[in-house]
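# Chains, contacts and geometry: an overview
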Amino acid sequence: MPREDGLPPGTLVMLVLRVLTAGPLHGYAIAQRIAQLSSQELSVEEGSLYPALQKLLIKGWVKAAPAVSATGRPVREYRLTAAGRKQLEHEQDNYRRTSRAIDAILESA
Amino acid sequence: MSRPGEWFRRLGYLLTRRRVDEALRQEMEAHREMLDEPARFGNARRLREDAHDAWGWRWLDDLSRDVRFALRTLRRSPGFTIAAVSTLALAIGANLAIFTLIDRVVLHPLAVPDPAHLVTFQRTIQLRAGPRPQLWMTWEDAKDLRTLRTPVSLALSSTSNDRASRAIALDTGSGDTLSVPGRFISANFFRVLGLRPALGRDFVDADDQLTASAVAILSDRGWRTRFAADASIVGRTIRVNNVLVLIVGVLPTTFAGIDLGAPTPEIYLPLMTASRLADIGGAQTDGRGRPWTGSGPGSGLVSSISPVVNVMGIARVTAGTTARLQAELSTHGPFANWTVVRVADTMLPFGSWPEIRQFVGLLATAVALTLLIGCANLAGLLLARAEARRTELSVRAALGASRTRLARQVAVEAALLAAAGGAAAWMLDRGLGRMLAPFVLPGGIPISALPATSLPRLFGITLGLVVLVAAIIAIAPATLAMSRRLSLDLKRRGGGSSRLGLARGLVGVQVAIGVVLTFSASLFIQSLSNALATDVGFQRDGLVSATLAMPRTNQMFGSEALDALAAKIRELPDVSAASVGPLPLVQGSDFTYTDLRADGARVDSTAPIDVVYAAADYFTTLGQPLVRGRDFDDRDRPNGRPVMIVNDAAARLLWSTGTDPLEHHVTISRVGRSTDYAVIGVTQDVRLKTLRDANRPVLYLCRPQHAVYLSGFMAGAGQASLIVRTSRDASAIASSLRATASAAGFSLTDVTTISQAIDTLVMPQRLGRALLTLLGVTAIVLTVVGMYGLVAAVVARQKKEIGIRMALGAKPRAIVRSVLTKTSAPLLTGIAAGAAFAWWGGHLADRFMYGIRGANPVTMTIAIVLVASAGLAAAWLPTRRALRVNPIETLRVD
C-alpha cells in the first residue's frame, strides 16, 4: 500500500523512538517533531501514529504519563524506557546497514 | 522483549481500559485542536478503535457481545432453555457420577501422595481352586521383616479379618455400644502412607507402647457416621470396649483404607494397645481356629500379650529400592516366596477385578450413550433454531459478517447451554452421590466405602464433559451458519434449502440409543425380578438373623451354651424356631474341605466342598426340608457316633445315582486327623453363597459333636449367627432377642431379615436397574422430543405443498403417507442400528443377569415396540396438523 506520509515502511517506530530520546513528548508533539526534523519532508498520519504508540506501550519501549498540553488539555506524554533505548539502537543499526547497502547498489548502477 | 512482560501489560490494559481509552480520547482531542486544519484529523472514533485493537483484545469484546446476545436469545425462549439445561444436567450429571465412581475405584483408590511407591508384601498360596494371593503375615513374620537391611520404613496394620480388628466395640458417650470396623496400626502407619490427619495430630511413637495412654484416630467415615462430623472432636474421650480412649485426630475424606473389599475402618488404634482395647472374648486361639496353647506358629511372646495375629506390612520405597527389597526378600528365610507388590494393586478383593471392570464398563457405556442422546437431541433443537433464524443469518452474511463470525455466534449459544448444564450437574452431583451411596459394586465393595474424589479432579472431569458437550452440540448449527449457500437463501426466501438430512441423522442416533438403553433397562428389570423370585431352597419369609458376639471370657465355652441360648429364644412369644448356625447367602459355610472320602473311596472334586455346622432345629428354623432320614437330635451326643446330613448335590457328587446315601460313610481328613461320619439325612439344595449356587454340594455336621474344636473357631471369629423364625418383623422382635441374649452373656448386633440380606446381595443389579431405568426413561422422552421436532419440521416445510395437494383433492391418507415416508427412515434405521448394537453388546451384561440372557429376543422385542410406538406417537401430533392445513390460507402466505 503506497504511503502518503513519505515514510519508508517499518521506520515509524524507529523515528518515534528517536524523537523521544530528547525527552518525553505527547502524540501531537511527536508528529510535529518528526515533520520539523525532516523539514516537513515526512509527516506522520494520526491513523498510523496512535496504533504505533500502542505497540510501543505493549512492547514496553515507552511509558505513558499524564501531562497537560500547551493548550491546557490533559494529554499523555510518552517517555522512552531503557528497553526502548536498546531497541532504538538496534533498529538504527539495522536501518543504517540496509540503507548503506541500498546506496551502494544505487551508486554502482 | 520478554513475552510475559508483554502479556502483563496487555492484561493491565484490559483491567484499566476505560481510563486508558478516555485518556487517549482526550489526547486525540488535544491533537486535533492543535492541528492547523482540525478537519484533517481522521475519524477520531475509528482511530480510537484502531488503537484499542492494537492491544489484541478484540476477540474478547466480540466474545462478550456474542455471550450477551446468546443470553438474550436464551432468555427469550425460557421453555427451550430449561428443557435443554435439564437434559444436559442429567446427562452430564450421570456421567459425572459414573466417571467419579471409576476414578474412585479404578484410577485413584488410594489417595495418598505418590501411591505408586507404596508397596506391600504378598505370597501366593496354592489352593485346590487355584493360586490365591495372600497379603497377611503373622505378627512373628512381621517382626522378622523389620530386620531387613534395605532402607525402607515399614508400617504394620492388623488385617480386616483379624479378630482384633473385628472386636472393637465403641461407646461414643451415648451409652450405646456399637461394633465398628477398625485397625490396629503401628505409629508410623500414616507417615509411611504420606497422610496427615485433617484434624488433630498423627500418632507418635510414644502412643504405640504397651503402657501408653490409649489414643485413637478416626477415619472421615467414622467421624461423620459416629460423631456427626463434630469439628471439636479432637480431645474428646470415648470408650473402646470400656477403656477410655482419647481422640487425637481425624483423617482426610479422600482416604478410605487400603482394603476396599472390607468395611471401611472407622477408627485406628495403636498396635501395642490392642491387648487392652480389643475385646476378643472367648479363648485365646492362634487365629487359625485352633485354641492357643502357647506353642507352635504365631504364638511367641508377642502374641501372648497382643491379640493381633495377622498383620499387613506396608513400606514406602524409592524407585531403586523395590528391586533391592525384592532381592533381599528372596534370600530372607521365611520370606523367600514373598513378592513386593504395589498397595494400589491389592486393594480390590481377589478375583473381583474382571467383574468390577465389566460392571463399571457397562454403566460407563450407558451414561456415555445418555450423553450422546442428550447431545443429539439438543443439536437437533439448536439446528431447528438456527433454521428458524436463517433469514437473520442470511441478512448478516449479506452485510459482510464473516461465516466464522456467524458460526461462532451460534456456537457460543451451544457453549452457554453446555456450561449451564455442567453447572447444574455440579450442583446435582451431591444428590447423585447420595443416590449411589447405598449401592454395592460386584465383589461386595460398598460405594460408600470408596474414597471421595478430590475436588480439583471432580472439577476437571466436569469441565472436560462440558467442553465435549459444547463441541458436539455446536457442530450441527455451526455447519449451517458456515454454509456457503446462506447468501443464496435471501433470493429464494421461504423455500430454503433442505438441511433435513442432518436433522434426520440426529433423530436416527437418538432412536438407536433409545433402543439400546430401553433394552438394557428392561434386561436389568427382568433380571432383578428373577433374582428376587429365586427359589433359595429355604423359606425366606419370617426368617430373622442376628450376629451373635461371644461373651468375653477366658473360659472355653461349649456348643451347649449356644444351644441353651437358642432354646431360651425359642420360648419367646411369636418365635416358632431358633438355632445358631450360618445363614445361607449371608455367612455361607463355616469351612471348605478338599480331602474327602466316600465309603473309603477318594472323592475327586475340583471345587472345595462346603461344610456347615448345624444343630437341632437348624433346618426347621430355615424351613429347609429334609428329603430323607432325620434331623440332628439328642441321640447325636458329643462323644457318640459322628453323624452328617448331606444335601442332594453332595449325594449326587459322592455316590452314583440311585444310591440311598443313608448309612453310607464320609471321611473328612483335616490337620492330620480323620473322622468318619455316618449319613443320617438328606436335605434339599439351598443357594448357599450366591443366588446362582443352584447345585452346590454341602455337608452338614452336628455342631454339638464338635464342641471343643468349635469354641476355638468361634472365639477366633468372635461371632456366630443366630437364626430365628418368627411371625413378627425384625424390628419388632429385636429388643426381646437382645435382652434374652444379654441375659445369657452374649450380645446381639445387626438384627435383619433374610430379605434385607438378599437385597444386599443383588445390590449391583439394583444399581444397574435404578440407573438404567432412569436413563432408559430419559432416552425415550428425548427420542419422542426429537422425533416430534423432525416431523413438525417436515410438516412446516411442506405446508405449501400439502395445501396444494389437498386443494387438488389428495386424500388425507396420501398426505399422511407422504409425511411418514419422509420421517420414518430415521426411525427404522435407528431401530435397526440400535437393536444390532444392543444385541451385540448384550453379552456384556450376561454376567450380571439372573435367569435371563443378555441376547434375549423377548426383551429386544419389548424395547423395539416401546421405542417404535413412542416414535410413532410423537409423529402423530404434527402429522394430524398437516391434515388440518387449510389450502386457501397456505397459498395466501407470501
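About the thresholds
- Residues numbered from 1 in each chain as written.
- Chains lettered and ligands numbered in written order.
- Predicted model: local features only at pLDDT ≥ 70, side-chain atom pairs only at ≥ 80, totals over all residues.
- Heavy atoms only, no water.
- Helix = DSSP H or I, 4+ residues; strand = E, 2+ residues; numbered from the N terminus.
- Buried < 20%, exposed > 50% of the residue type's maximum accessible area, 1.4 Å probe, protein only.
- Lys, Arg positive; Asp, Glu negative; His and termini not counted.
- Charge placed at Lys NZ, Arg CZ, Asp CG, Glu CD.
- Salt bridge = Lys/Arg side-chain N within 4 Å of Asp/Glu carboxyl O.
- Polar contact = N/O pair within 3.5 Å; in protein donor to acceptor, adjacent residues only side chain to side chain.
- Core = buried A, V, L, I, M, F, W, Y, C linked by side-chain atoms within 4.5 Å.
- Contact = heavy atoms within 4.5 Å.
- Buried area = accessible area lost by both parts, 1.4 Å probe.
- Nonpolar A, V, L, I, M, F, W, Y, C, P; charged D, E, K, R; others polar.

## Some points on the overall build of chain A
Counting secondary structure elements, chain A contains 4 helices and 3 strands. Helices and strands appear in chain A in the N-to-C order α-β-α-α-β-β-α. Here the C-alpha coordinates of chain A stretch approximately 55 × 30 × 25 Å along the principal axes. When burial is assessed residue by residue, chain A has 43% of its 109 residues classed as buried. Positive and negative side-chain charges of chain A, numbering 14 and 11 respectively, have mean locations separated by a distance of 11 Å.

## Side note on the pattern of salt bridges
All names here are of chain B. Counted under the stated rule, the structure contains 34 salt bridges over all chains. Among the ionic pairs, Arg224 bridges to Asp220, the shortest N-O distance being 2.8 Å. With Arg224 and Asp220 both in helix H7 (residues 220-227), this residue pair falls 4 residues apart, about one helical turn. Under the relative-accessibility criterion, Arg224 is labelled partly exposed at 45%. You can call Asp220 buried: its relative accessible area is 10%. Via salt bridges that share partners, Asp53, Arg58, Asp62, Arg65, Asp66, Arg405 and Arg408 belong to a single interconnected network.

## A short note on the side chain of B:Ser352
With respect to the helices and strands, the residue B:Ser352 is situated in the loop between strand E14 (338-342) and helix H11 (353-388). Within polar-contact distance, the side chain of B:Ser352 engages the backbone oxygen of B:Pro349 at 2.6 Å.

## Description of unusual backbone geometry
Residues and elements named next belong to chain B. With a phi close to 55°, Asp114 is a non-glycine residue in the positive phi region. Positionally, Asp114 belongs in the loop between helix H4 (78-107) and strand E1 (118-127). Look at Asp114 and you get partly exposed, because its relative accessible area is 41%. With phi around 50°, Asp599 is a residue other than glycine that occupies positive phi space. Classification of Asp599 by relative accessible area gives partly exposed; the value is 40%.

## Structural notes on the nonpolar core
Residues B:Phe189, B:Phe190, B:Leu193, B:Phe255, B:Ile258 and B:Leu441 are the most contacted members of the largest nonpolar core, which totals 101 residues. For this core, the leading source of residues is H11(B), giving 14 residues. Contacts of B:Leu193, omitting those with residues within four sequence positions, involve B:Val112, B:Pro113, B:Leu118, B:Phe255, B:Ile258 and B:Arg316. Among the nonpolar cores identified, the runner-up in size contains 42 residues, and A:Val19, A:Ala52, B:Ala51 and B:Trp57 belong to it.

## Points about the environment of B:Thr690
Assignment of secondary structure puts B:Thr690 in the loop between strand E26 (673-683) and strand E27 (698-702). With residues up to four places along the chain from it excluded, the contact list for B:Thr690 reads B:Leu585 and B:Leu761.

## Describing the interface of chain A and chain B
Interface size is commonly expressed as the accessible surface area that is lost when the partners come together. Every contact between the two is made by 23 residues of chain A and, on the other side, 24 residues of chain B. Carbon and sulfur atoms make up 63% of the surface buried where chain A meets chain B, a total of about 2200 Å² over both sides. When residues of chain A are sorted by the area they lose upon contact with chain B, A:Tyr28, A:Glu46 and A:Ile58 head the list and together hold 32% of the total. Connecting chain A to chain B are 2 salt bridges. Going through the elements one at a time, helix H2 (27-37), helix H3 (46-59) and strand E3 (74-80) of chain A are the ones with two or more residues in the side of chain A that touches chain B. In terms of residue count, the dominant contributor to the side of chain A that touches chain B is H3(A) (9 residues). Residue composition of the side of chain A that touches chain B, by class: 12 nonpolar, 7 polar and 4 charged.

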